[in-house]
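Okay, here's what each chain looks like letter by letter:
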Amino acid sequence: MRPAFGGPAIPVGVDVQVESLDSISEVDMDFTMTLYLRHYWKDERLSFPSTTNKSMTFDGRLVKKIWVPDVFFVHSKRSFIHDTTTDNIMLRVFPDGHVLYSMRITVTAMCNMDFSRFPLDSQTCSLELESYAYTDEDLMLYWKNGNESLKTDEKISLSQFLIQKFHTTSRLAFYSSTGWYNRLYINFTLRRHIFFFLLQTYFPATLMVMLSWVSFWIDRRAVPARVPLGITTVLTMSTIITGVNASMPRVSYIKAVDIYLWVSFVFVFLSVLEYAAVNYLTTVQERKERKLRDKLPCTCSLPQPRPMMMDGSYNDGDVGELGHYVSENGDKQDRMMVQLALGSERGSGRRKNQRYVSMRIDTHAIDKYSRIIFPGAYILFNLIYWSIFS
């Protein structure tokens, strides 16, 4: 039976020293911690006379013969007391009946995580201690020295998280069938390191979006070049999205990384649709030009090309005809001025005659606008995204 059975509640002080924070699992939503759990109470039945006022220390074998607090971990999944080389339990009894009961435990407990800002998130987890059988009328569980009751090792570190703060709290917990219980909380806040996700997720996704823009500078008639480029970027974005979600729990809300990846996927997909529109409009335009060419008399068509002599002589009429060539449907075309230096020897001196020939660059208006709209919209999205979530 507990000390002072039938009388007031026995106060049991608790302090904890965290040895290590072993792992944080996003998939299982839990954490694993190794700690030293110590209880302090007074049992006058264990007092003994002593002239030196020295305490007596025992191992775990005596624990089975006396009353000890029945503290358990609320919401724990797995826990065990270390037993190498013997059970890691210590019992120290003082002459006046005060008792120190210490054990080394590894516990895996549940942690409710919110991934709405993942991977730019912070998580707060709690390890909860409570008496299993004794209500607050029989056992009063409290932190022995307030926040000083929790000690941590300065060397504790995690690969993906920065441990920001440990602190303690306490409150009453109510069960409808048994009553009120004292509950103690070990709270700690974790902030996720972003650098890993920048290298593995954000940077590759950004490069894929930028790679999809290359097709805007490729000639619209180069179908074997533009189509595989668009399909490759779409499949790569799909692989990145699948890889990220494979290491995450299947939550029913949107995460911050999902917003970035899916917006990037939309940009890549729109670049493929952009070429589909360009190719379709080009086909329609060529069909109209072909019908118009068939209706016009032969004298209105483009002059027949004349062969250029191998000795370098060039007919001025050829230059004039090429220079004033305009498409038959009257559309304005982009022109690139190519300077041709035609040299001919006349008399005793050498005189250079320069002619300018106009040549068309086959660029569609949609491609020209896309070169500006797509990068500008993606930069604006990044500014808004990082200002909200960072």
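Keep in mind that this is a model prediction, so the values were computed, not measured.

### A few points about the overall build of the protein
Piece 1. When you go through the protein residue by residue, the secondary structure sums to five helices and 14 strands.
Piece 2. Taken over 390 residues, the protein has a buried fraction of 36%.
Piece 3. Within the structure as shown, the protein displays about 23,500 Å² of accessible surface, and the carbon and sulfur contribution to it stands at 59%.

### Description of the sheet that holds strand β8 (residues 122-131)
Piece 1. Spatially, four strands are ordered β4-β8-β12-β11 in an open sheet, and the strand pairing comes out antiparallel. Each edge of the open sheet is held by one strand with a lone partner, namely β4 (71-74) and β11 (161-175). Strand after strand, the sheet turns through a mean of 25° between neighbouring axes, direction not considered.

### Quick word on the side chain of Q123
Piece 1. By the secondary structure assignment, Q123 is in strand β8.
Piece 2. With a relative accessible area of 3%, Q123 lands in the buried category.
Piece 3. Within polar-contact distance, the side chain of Q123 engages the backbone oxygen of D114 at 2.8 Å.
Piece 4. The contacts of Q123, once residues within four sequence positions are left out, are N112, M113, D114, F115, F188, T189, L190 and R192.

### What to know about the packing of helix α1 (residues 195-212) against helix α3 (residues 256-295)
Piece 1. Contact geometry of α1 with α3 gives a least axis separation of 9 Å together with a crossing angle of 15°. When the axis of α1 is compared with that of α3, the two are roughly parallel. Classified by chirality, the crossing of α3 by α1 is left-handed. Of the residues in α3, those touching α1 at T201, Y202, A205, T206, M208, V209 and S212 are V257, Y260, L261, S264, F267, V268 and S271.
Piece 2. Residue composition of the contact of α1 with α3, by class: nine nonpolar, five polar and no charged.

### A short note on the nonpolar core
Piece 1. By size, the foremost hydrophobic cluster in this structure holds 70 residues, and its most contacted members are V16, L21, F31, L35, L37 and L127.
Piece 2. Here L127 is in contact with F31, M33, L35, F73, V107, A109, L184, Y185 and I186, once residues within four sequence places are set aside.

### Comments concerning unusual backbone geometry
Piece 1. In this model, T84 is joined to T85 through a cis peptide bond whose omega is 0°.
Piece 2. In this chain, F118 is followed by P119 through a cis amide linkage whose omega measures 5°.
Piece 3. With respect to the helices and strands, P119 occurs in the loop between β7 (98-110) and β8.
Piece 4. Positive phi values are uncommon outside glycine, yet A4 reaches one of about 55°.
Piece 5. With respect to the helices, strands and loops of the structure, A4 is situated in the segment before β1 (10-25).
Piece 6. One non-glycine residue, M29, lies in the positive phi region at around 55°.

### Details of the pattern of salt bridges
Piece 1. Under the criterion given, the structure shown has 15 salt bridges.
Piece 2. When the shortest N-O distance is used, the salt bridge between R192 and E26 registers 2.5 Å. In this pair, R192 is assigned in strand β12 (residues 179-192) and E26 in the loop between β1 and β2 (30-42), connecting sequence segments 166 residues apart. Each member of the pair, R192 together with E26, is buried.

### Describing the packing of helix α2 (residues 223-246) against α3
Piece 1. Relative orientation of the contacting elements α2 and α3 amounts to 165°, with a least axis distance of 10 Å. What the angle tells us is that α2 and α3 run roughly antiparallel. Between α2 and α3 lies a crossing whose hand is left-handed. Residue-level contacts link V223, R226, V227, G230, T233, V234, M237, S238, I240, I241, V244 and N245 of α2 to V257, D258, L261, W262, S264, F265, V268, F269, V272, E274, Y275 and N279 of α3.

### Section: the UniProt feature "transmembrane region" (unreviewed entry) in the protein
Piece 1. Mapped onto the present numbering, the UniProt feature "transmembrane region" (unreviewed entry) falls at residues 194-217, 229-247, 259-281 and 369-388.
Piece 2. The distance separating the terminal C-alpha atoms of residues 194-217 is 34 Å; by composition the span is 75% helix and 0% strand.
Piece 3. Within residues 229-247, the helical portion is 95% and the strand portion 0%, while the C-alpha atoms at the span's ends are 28 Å from each other.

### Regarding the confidence of the model for the protein
Piece 1. The predicted model of the protein averages 83 in pLDDT, with 83% of residues at 70 or higher.
Piece 2. By mean pLDDT, the top-scoring element of the protein is β7 (96), and the lowest-scoring one is strand β13 (residues 335-346) (38).
Piece 3. Contacts for the low-pLDDT stretch residues 304-361, under 50 throughout, to residues beyond four places or in other chains number 69 contacts.

### Notes on the pairing of strand β9 (residues 139-143)
The side chains of a regular strand alternate between both faces of the sheet.
Piece 1. Burial along β9 is one-sided: L139, L141 and W143 are buried, while M140 and Y142, pointing the other way, are not.
Piece 2. Note: β1 against β9, five bridges, orientation parallel. Bridging from a neighbouring strand, I10 pairs with L139 of β9.

### Some details on α2
Piece 1. For α2, with 24 residues, the first-to-last C-alpha span of 35 Å sits near the 34 Å given by 1.5 Å per residue.
Piece 2. If you follow the buried residues of α2, they end up packed against α1, α3 and α5 (365-389).

### So, α1
One turn of the α-helix equals 3.6 residues, which is why residues spaced by three or four share an orientation.
Piece 1. Look at α1: 25 Å from first C-alpha to last across 18 residues, which is about the 26 Å you get at 1.5 Å a residue.
Piece 2. Taken as a whole, α1 carries its principal kink of about 35° at Y202; the proline P204 stands between one and four residues after it.
Piece 3. Along its buried surface, α1 packs onto β12, α2, α3 and α5.

### Topic: a nonpolar patch on the surface
Piece 1. The grouping of V223, V227, I231 and L235 at the surface amounts to a nonpolar patch, some 320 Å² of accessible area in total.
Piece 2. Mapped onto the elements, L235 comes out in helix α2.
Piece 3. Note on L235: relative accessible area 52%, which makes it exposed.

Rules used throughout
- Residues numbered from 1 in each chain as written.
- Predicted model: local features only at pLDDT ≥ 70, side-chain atom pairs only at ≥ 80, totals over all residues.
- Heavy atoms only, no water.
- Helix = DSSP H or I, 4+ residues; strand = E, 2+ residues; numbered from the N terminus.
- Buried < 20%, exposed > 50% of the residue type's maximum accessible area, 1.4 Å probe, protein only.
- Areas by Shrake-Rupley, 256 points an atom, 1.4 Å probe, with all protein chains shown as cover.
- Pairing = 2+ DSSP bridges.
- Axes fitted to C-alpha atoms, helices over the stretch in contact; angles between N-to-C directions.
- Polar contact = N/O pair within 3.5 Å; in protein donor to acceptor, adjacent residues only side chain to side chain.
- Contact = heavy atoms within 4.5 Å.
- Parallel < 35°, antiparallel > 145°, perpendicular 65-115°, else oblique.
- Left-handed = near helix turned anticlockwise from the far one by under 90°.
- Nonpolar A, V, L, I, M, F, W, Y, C, P; charged D, E, K, R; others polar.
- Core = buried A, V, L, I, M, F, W, Y, C linked by side-chain atoms within 4.5 Å.
- Salt bridge = Lys/Arg side-chain N within 4 Å of Asp/Glu carboxyl O.
- UniProt positions renumbered as here; feature names shortened; annotations may be inferred.
- pLDDT = per-residue confidence, 0-100.
- Expected span 1.5 Å × (residues − 1).
- Bend = angle between axes of the 7 residues up to and from the residue.
- Patch = residues over 30% accessible without salt bridge, like charges linked within 9 Å, V, L, I, M, F, W, Y side chains within 5 Å.

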